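Listed below are the residues making up each chain.
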Amino acid sequence: MPDQLFSDLYRDTDGLTWAPVEEVRRRGRQRTRRVRVAGALAVAVAVGVLASGAAVLAGQRDATPPLPPATVVPTTPDADPTVSPTPPAQSSPSHSARSSRPPTGGSPSSRPPRRTVPAGATLQLADLPTGFTMSQGMGEVDWTLESVAASCANKPPALSVGVVATRAVQFDSPTAWLAERVTRHSQADAVTSMKRVRRIVADCVPARPGDSLSILAEGLGGDDGVLVGGEIKGIPARWLFVRRGDLVAQLRLDHQTTPDEARRFAEPAADRLCAGTDAC
């Protein structure tokens, strides 16, 4: 007895009309073409959608952002003048650091002028012959050329033109004493002071017989160096002047000092002045 499944299949298909083989193949080829066309259309649509989206995004990136609305500065009397419509531009940190950094170096002319005479600008014991000691007091005698020239019949010019600072020292030995006064002037006034030394000597009119002043030597040291000799009221003396930049040193030497001996004081005096001036 045939199986029930095959019996049912036979009954259901007994009346079917089967298409020829060529027809079945033709229908298969048509179905394949339709599937391929549908797939191609789907790919084209997807590519188009992606391209449109990329163009939209690119347009959004390249588009210039709209300008902010203009700020109107209030001009009415009630407006607060301390309110700024826009914040001030901030300076670059590196620029601020450069502008706040103090300058380094600089030429002597760019530095502020000094207003004192340092102790190192005067003669020291090491500059003097053996036997001298530094005096603790300056004595009561005014030994400067100006004080002596006051005895001339005519009024001498002042050597303290433009003086802004002074320092004095005195040294003693068993047989002599030496004094020095260093004055600070402006550069031009220091030159003028040295010129006036020569004027005092040249213009002095002796008030009594035997009084005299004379230039004994020049060019002894520093920027300018002059040795003055004289005798006023019967007292002989020697004054040595040395200029270095804006400083002038006046020294009272032994009355028998020769020009060669004076040079041995002038040179160390000029060197010491370098401690107080930028002219060296």
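Just above, that's the structure.
Residues numbered from 1 in each chain as written. Predicted model: local features only at pLDDT ≥ 70, side-chain atom pairs only at ≥ 80, totals over all residues. Heavy atoms only, no water.

Engineer: Honestly, the nonpolar core in this entry has me stumped. Any pointers?
Structural biologist: Looking at soluble globular proteins, one finds that nonpolar side chains tend to be buried together. Residues L178, L240 and L251 are the most contacted members of the largest nonpolar core, which totals 25 residues. Among the elements that line this core, the one with the most residues is helix α6 (residues 259–273), at six residues. Once residues within four sequence positions are removed from consideration, L251 is found in contact with L123, W143, L178, A179, E180, R238, W239, L240 and A269. If you look at the next biggest cluster of nonpolar residues, it comprises 21 residues, including W143, L145, C152 and F241. (Core = buried A, V, L, I, M, F, W, Y, C linked by side-chain atoms within 4.5 Å. Buried < 20%, exposed > 50% of the residue type's maximum accessible area, 1.4 Å probe, protein only. Helix = DSSP H or I, 4+ residues; strand = E, 2+ residues; numbered from the N terminus. Contact = heavy atoms within 4.5 Å.)

Engineer: Could you clarify how one ought to interpret the sheet that holds strand β2 (residues 165–172) in this entry?
Structural biologist: Strands pair in a sheet through their backbones, by hydrogen bonds, and they do so in one of two ways: parallel or antiparallel. The seven strands lie next to each other as β1-β2-β3-β7-β6-β5-β4, forming an open sheet whose pairing is antiparallel. Unpaired on one side and paired on the other, β1 (133–134) and β4 (212–218) mark the two borders of the sheet. Summarising the sheet, β2 and strand β3 (residues 177–184) pair through eight bridges and their orientation is antiparallel. Bridge pairing in β3 places A168 opposite R181. In the packing of helix α5 (residues 187–203) onto the sheet, the strands contacted are β4, β5 (224–232), β6 (235–244) and β7 (247–253), and the crossing angle to β5 comes to about 35 degrees. (Pairing = 2+ DSSP bridges. Axes fitted to C-alpha atoms, helices over the stretch in contact; angles between N-to-C directions.)

Engineer: Would you mind going over the state of the cysteines with me for this structure?
Structural biologist: Formally, a disulfide is one covalent bond, and it connects the sulfur atom of one cysteine to the sulfur atom of another. Tallied over the entire structure, the rule returns two disulfides. Each sulfur in the disulfide pair C152 and C204 lies 1.8 Å from the other. For the disulfide bridge between C152 and C204, the dihedral angle about the S-S bond is near -95 degrees, and by the sign convention the bridge is left-handed. One end of the pair, C152, is in the loop between α4 (145–149) and β2; the other, C204, is in the loop between α5 and β4, and 52 residues separate them in sequence. Its relative accessible area of 9% is what places C152 among the buried residues. Assessed through its relative accessible area of 17%, C204 is described here as buried. The disulfide that involves C274 links it to C280, with 1.9 Å between the sulfurs. Across the S-S bond of C274 and C280 the torsion is about -95 degrees, and the bridge reads as left-handed. In this structure C280 comes out as exposed when scored by relative accessible area, which is 52%. (Disulfide = S-S within 2.5 Å.)

Engineer: Please explain α5 as it appears in this structure.
Structural biologist: An α-helical segment advances 3.6 residues per turn. Residues three or four places apart therefore align on the same side. Between its first and last C-alpha atoms α5 spans 24 Å; for 17 residues at 1.5 Å apiece the expected length is 24 Å, and the two agree. For α5, the set of buried residues is A190, S193, M194, V197, I200 and V201. Relative to the axis of α5, the buried residues are bounded by an arc of 110 degrees and lie together on one face. Among the exposed residues of α5, those pointing more than 90 degrees away from its buried face are A188, K195 and A202. (Expected span 1.5 Å × (residues − 1). Arc of directions from axis to C-beta.)

Engineer: What am I meant to see in the pattern of salt bridges here?
Structural biologist: Side chains that carry opposite charge are capable of pairing whenever their charged atoms lie near each other. One pass over the structure, following the stated rule, counts ten salt bridges. A salt bridge links R198 to E218, with the shortest nitrogen-to-oxygen separation between them at 2.7 Å. Of the two residues, R198 sits in helix α5 while E218 sits in strand β4, which places them 20 residues apart along the sequence. For D211, the salt bridge is made with R208, and the minimal N-O distance between the two is 3.0 Å. A relative accessible area of 9% means that D211 is categorised as buried. Judged by relative accessible area, R208 falls into the partly exposed class, the value being 34%. Within the structure, one salt-bridge network assembled from shared partners comprises R198, E218 and D224. (Salt bridge = Lys/Arg side-chain N within 4 Å of Asp/Glu carboxyl O.)

Engineer: What am I meant to see in the side chain of R243 here?
Structural biologist: By secondary structure assignment, the location of R243 is in strand β6. Its relative accessible area of 11% is what places R243 among the buried residues. The residues contacting R243, other than those within four sequence positions of it, are Q187, A190, V191, M194, G222, D223, D224, V248 and L273.

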